[in-house]
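Chain and residue survey
These are the residues of each chain, in order.
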Amino acid sequence: MSSEMIQLLVLAGIAVFLILRLKNVLGTREGFEKPPLPVPGANDAASRARDNFEVIEGGPDRDITDHVDEDSDAAAALATMKGLEPSFGVSDFLGGARGAYEMILMAFENGDIEDIKPFLSDEVFETFGEVIELRKKEGLLVEAEFVGVREVTLLDAEIDKTSNEAELKVKFVGELTSVVRDSAGDIVEGNPNEIKRQRDVWTFARTMGADDPNWQLVATGE
């Protein structure tokens with residue numbers, strides 16, 4: 001076999017490997033899974049995050065400053081999170097939060113939250129359950145269809161340096177259609193042909209560095 005043929009086979013093998021790896025990385029961005037570990041040396045800035053979040057080039061960490069003010073307490077908190085867990089990325093988190101918002105919101109609207117229990121704190125799970133039970137007692141049925149997310153914005157970030165528990169507050173603006181029907185099937189609220197824009201502020205929490213990669217929804221208000 002000629003050397004040119006061997007080189008072509010090697011290049012083809014590398015291309016296939018890169019395509020498969022890209023698919024695996026993109027597949028983790030839809031939920032709340034921890035993003036894949038960076039290739040050694042490919043993102044030294046993340047592993048060297050400090051309270052001043054300086055990167056190798058001497059400037060601020062854009063993954064932080066793209067979302068919060070450089071000199072804010074939130075920026076310092078995010079830098080601490082990166083120091084505790086170098087694989088953590090703010091943009092990656094917000095990408096996961098977008099998918100989690102749809103999943104949690106629609107589970108609540110449809111009255112079936114058992115499957116999302118790992119993503120809810122005990123208090124939020126109990127509150128959602130009470131609202132769902134109240135609907136059932138009143139004979140109400142919600143029919144909802146998710147349209148999309150128009151906005152995902154990080155509002156604040158905090159971390160307890162004793163317990164390493166982080167909290168991220170996120171604003172969502174979503175669009176959906178929703179109607180409420182009574183026991184007779186008549187619509188008592190909403191319009192199936194009207195897209196409703198909904199604004200939510202949710203707070204997610206997680207212990208940085210823990211084995212469990214899931215963030216939990218711990219609050220649903222301002």
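Scroll up to find the structure this text is about.
Scope of this entry: the structure provided in the associated data block. Going along each chain's sequence as written, the residues are numbered from 1 onward. Where local features are concerned, this predicted model is filtered to residues with pLDDT of at least 70; where side-chain atom pairs are given and counted, the filter is 80 or more; whole-chain, interface and lining totals use all residues. Side-chain descriptors were evaluated using all non-hydrogen atoms of the structure, hydrogens and water having been removed beforehand.

1. Quick word on the pattern of salt bridges
When a carboxyl oxygen of Asp or Glu lies within 4 Å of a side-chain nitrogen of Lys or Arg, that pair is called a salt bridge. Tallying each qualifying case throughout the model produces nine salt bridges. Across the pair lysine 82 and aspartate 61 runs a salt bridge whose closest N-O atoms are separated by 2.8 Å. Taken together, the residues lysine 82 in helix 4 (residues 73-84) and aspartate 61 in the loop between helix 2 (44-47) and helix 3 (62-65) connect sequence positions 21 residues apart. For aspartate 61, a relative accessible area of 9% corresponds to the buried category. The shortest N-O distance in the salt bridge between arginine 62 and aspartate 66 comes to 3.0 Å. Taking the relative accessible area as the measure of exposure, arginine 62 reaches 55% and is therefore exposed. Note on exposure labels: buried denotes an accessible area under 20% of the residue type's maximum, exposed denotes more than 50%, and partly exposed covers the range between, all computed with a 1.4 Å probe on protein chains only. When its relative accessible area of 48% is taken as the criterion, aspartate 66 is described as partly exposed. Where salt bridges share partners, they join Asp61, Asp63 and Lys82 into one cluster. Numbering of helices and strands runs from the N terminus, with a helix taken as a DSSP run of H or I at least four residues long and a strand as a DSSP run of E at least two residues long.

2. Digging into unusual backbone geometry
With a phi angle near 65°, asparagine 164 is a residue other than glycine that sits in the positive phi range. For asparagine 164, the location among the structural elements is in the loop between strand 1 (141-160) and strand 2 (165-181). Judged by relative accessible area, asparagine 164 falls into the partly exposed class, the value being 23%.

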